[in-house]
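Below, each chain spelled out in residue letters.
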Amino acid sequence: MWTADEIAELCYEHYRSRLPKQGKPDPSREWTSLAAVVKVESAANEAGSAGLGSLQVAKEVVALGTGTKCIGLNKMRKTVQLLLSGELLRTSMNMGLFYRDVLNDSHAEVVAKRSFQRYLLHQMRLATSYQQCSIFIPGTETGKWKLKPNIIFIFFCSHTPCGDASIIPIRETENHLSKSVDGHDIAGQSVLCSSSNCDHRGPEDKRKSEKMASSHMIKRMKNADGGFFSTITEDMAVQQVFAKPEGNVNPECCESSEEMQAANKETNAGKLKAVDVYRTGAKCVPGELSDTLIPGIEYHCVGLLRVKPGRGDRTCSMSCSDKLARWNVLGCQGALLMHFLQYPVYLSAVIVGKCPYSQEAMQRAVIERCRHISLLPDGFLTQEVQLLQSDLQFEHSRQAIQEGQTSSKRKLVPCSAAISWSAVPERPLDVTSDGFRQGTTKKGIGSSQSRVKTLETYWDYKEAALNYQEAWKALRSQALLGWIKNAQEYLLFM
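Below, the structure is looked at part by part. Small disclaimer: the values here were computed from a predicted structure and weren't measured.

Parameters at a glance
- Residues numbered from 1 in each chain as written.
- Predicted model: local features only at pLDDT ≥ 70, side-chain atom pairs only at ≥ 80, totals over all residues.
- Heavy atoms only, no water.
- Helix = DSSP H or I, 4+ residues; strand = E, 2+ residues; numbered from the N terminus.
- Contact = heavy atoms within 4.5 Å.
- Salt bridge = Lys/Arg side-chain N within 4 Å of Asp/Glu carboxyl O.
- Buried < 20%, exposed > 50% of the residue type's maximum accessible area, 1.4 Å probe, protein only.
- Axes fitted to C-alpha atoms, helices over the stretch in contact; angles between N-to-C directions.
- Pairing = 2+ DSSP bridges.
- Core = buried A, V, L, I, M, F, W, Y, C linked by side-chain atoms within 4.5 Å.
- Expected span 1.5 Å × (residues − 1).
- Phe/Tyr/Trp six-rings, centres within 6.5 Å; stacked < 30°, edge-to-face > 60°.
- Lys NZ or Arg CZ within 6 Å of the ring centre and 35° of its normal.

Assigned secondary structure in the protein consists of 14 helices and 20 strands. Restricting the contact set of the protein to residue pairs at least 6 apart, pairs at least 24 apart contribute 71%.

Printed below as a string of structure tokens:
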């Protein structure tokens, strides 16, 4: 049996006791995010009952990641594009090792997923050596393996994933982390309109935004902790006029999402009205539909693909919400492992720690956007993954650090380091800083200091996983049309 709080505490305790100080934030000025994968294994005679409410289960953290950073396009490297310390693909079939000397995406969810893939690859090596301790057993197809039926995996993240899942209504009297006051979104990323993220709007668009803003009154109210929060009052008739779509804005998205509309309808029933939404720093994919940027509940369009914000130039990394939606259809194993697996490895639950959270937003971002996908290869299916929230807060989250620094005027910043831990015997721990392995010098970039061994091209192995590529093609064409693909030249390393 397991609960959301039990999974959260297991991950937090693993972070506290199993990881060294190296790579962790300085709590006097830094914060970070955490994500992990937990294996839940029921007794052999209770196969398939390892879920919520079942009995006699063993829980173990098998992968963990921390981090908040994502590098921009100009810092991406073409020569060696993918670093995974330790083994990436080494099995008795003599598959090779792949490394990269810079990580594009170091958000905790993505780091944890990479760590999980290392764990799966190690378990596959055990399986191909016919060791019973592996999580895999022979499948019905020759040379293929499948997950033991009494094992499931749960994904935990200390904060709501960036992107679509972070577009959450703010009620009238909410008094925490309002975007209108501190300029940060739900995941702690700055989304204030600056020259770097508003240049795509012309003078006319900017004038319209200013006109829209003038029709909204923002009241600053003091909360019990001595801080401030904002309440936005707005003329709903005016808002409906402003919501009229223009240009490349989706007419359906420009109307309030069903969740926002339902939230406002609750006002008549005596419940609090949604007056704004938490902003996400993730930007809409270039060339696709856009946000309205109308102050208030219409600011964002929901259900869109987004790229993570970067410092300076735009990134090419999709938001964590989008990646979770992809994993929920294609599995977490990636293309390489599908050479050996009969079925994808799916998550049974996604649990979010204590933070601003919306069940509807998570459901929309992770499941609903891809529910209609058809023509997938055998074994691939949009999963009805359980979406839960814990009441336990991560000790090094932005909100926890802020609460502990109420009397300090020192500016908090996201930790530049990212920790990757995996339940593997060789080099289980890796720490990177701003994308590079910690300790790597400028002279050592591209050398064996930052990568170790290479064989066949990464691109060739990925493309050869035909059923995975077929499933990805169907998903991309039917639901994730604007997904940014890295150019082939970034994947031709050896």
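Next, the rest of the story.
Bringing the pattern of salt bridges into the picture now. A full pass over the atoms with the stated rule returns 16 salt bridges. Measuring nitrogen to oxygen at the nearest pair gives 2.8 Å for the salt bridge that ties Asp322 to Arg369. Taken together, the residues span a long stretch of sequence, with Asp322 in helix 9 (residues 320-330) and Arg369 in the loop between helix 11 (359-366) and strand 16 (386-389) at a distance of 47 residues. The buried category is assigned to Arg369, whose relative accessible area is 10%.

For the rest of this paragraph, the subject is the environment of Val57. Tracing the backbone shows Val57 in strand 3 (residues 57-66). A relative accessible area of 19% places Val57 in the buried class. Taking the C-alpha atoms as reference, Val57 lies 7.9 Å from Trp2; in sequence the two are 55 residues apart.

We now examine the environment of Leu64. Mapping Leu64 onto the fold places it in strand 3. Between the alpha carbons of Leu64 and Ser422 there is a distance of 6.5 Å; along the sequence they are 358 residues apart. With near-sequence residues (within four places) excluded, Leu64 lies in contact with Cys11, His14, Tyr15, Leu19, Leu34, Ala35, Ala36, Ala112, Ser115, Ile419, Ser420 and Trp421.

A word on the packing of helix 2 (residues 108-128) against helix 9. Axis separation between helix 2 and helix 9 bottoms out at 9 Å; the angle between their running directions is 35°. Touching Glu109, Val110 and Lys113 of helix 2 are Cys320, Lys323 and Trp327, all from helix 9.

Turning our eyes to something else, we now look at the pairing of strand 3. Counting buried residues in strand 3 gives seven out of ten residues, a clear majority hidden from the surface. Direction of pairing for strand 2 (residues 34-42) relative to strand 3: antiparallel, over a ladder of nine bridges. The residue of strand 3 that forms the bridge with Val37 is Ala63. With three bridges joining them, strand 3 and strand 18 (residues 417-422) adopt antiparallel strand pairing. In the sheet register, Gly65 faces strand 18, and the bridge partner there is Ser420.

Structurally, the position occupied by Asn328 is in helix 9. Overall, Asn328 belongs to the buried group, its relative accessible area being 5%. Apart from the residues within four sequence positions on either side, Asn328 is in contact with Tyr346, Val366, Ile367, Leu381, Thr382, Gln383 and Val385.

Phe116, Phe136, Phe153 and Phe155 are the most contacted members of the largest nonpolar core, which has 60 residues in total. Counting 26 residues, the second-largest nonpolar core is a separate cluster that includes Cys11, Tyr12, Leu34 and Val57.

This next bit is on unusual backbone geometry. Positive phi outside glycine occurs at Tyr130, with the angle close to 55°. Mapped onto the elements of the fold, Tyr130 is located in the loop between helix 2 and strand 6 (136-138). Phi angles above zero are rare outside glycine, and Leu293 is one such case at about 65°. Along the chain, Leu293 falls in the loop between strand 13 (283-284) and strand 14 (306-307).

As a further point, take helix 2. Under the 1.5 Å per step criterion, the end-to-end length of helix 2 is 30 Å for 21 residues, consistent within 8% with the ideal 30 Å. Burial analysis of helix 2 places 20 of its 21 residues in the buried class, which makes it a mostly covered element. Residue Tyr130 follows helix 2 closely and has a positive phi angle near 55°.

Assignment of secondary structure puts Lys323 in helix 9. Among residues more than four places away in sequence, those in contact with Lys323 are Asp105, Val110, Lys308, Ser317, Met318 and Trp483.

Further remarks concern the packing of aromatic side chains. Tallied over the full model, the rule gives ten aromatic pairs. Aromatic side chains Tyr15 and Phe394 sit 5.0 Å apart centroid to centroid with 75° between the ring planes, which places their arrangement in the edge-to-face category. With a gap of 379 residues between them, Tyr15 in helix 1 (residues 4-18) and Phe394 in the loop between strand 16 and helix 12 (398-404) connect regions that are remote in the sequence. Of the two residues, Tyr15 and Phe394, neither departs from the other in class, the shared state being buried. With a centroid separation of 4.8 Å and an interplanar angle of 65°, the aromatic rings of Phe116 and Phe153 are classed as edge-to-face. Linking Phe116 in helix 2 with Phe153 in strand 8 (residues 151-157), this pair joins segments that are 37 residues apart in sequence. When its relative accessible area of 0% is taken as the criterion, Phe153 is described as buried. A network of ring pairs unites the aromatic residues Tyr12, Tyr15, Phe156 and Phe394 as a single cluster. The ring centre of Tyr15 lies 4.5 Å from the NZ or CZ of Lys24, which sits over that ring. The aromatic ring of Trp472 is capped on one face by Arg476, whose charged end is 4.9 Å from the ring centroid.

Moving on to the environment of Ile151. Checked against the element boundaries, Ile151 lands in strand 8. For the pair Ile151 and Glu41, spaced 110 residues apart in sequence, the C-alpha to C-alpha distance is 4.5 Å.

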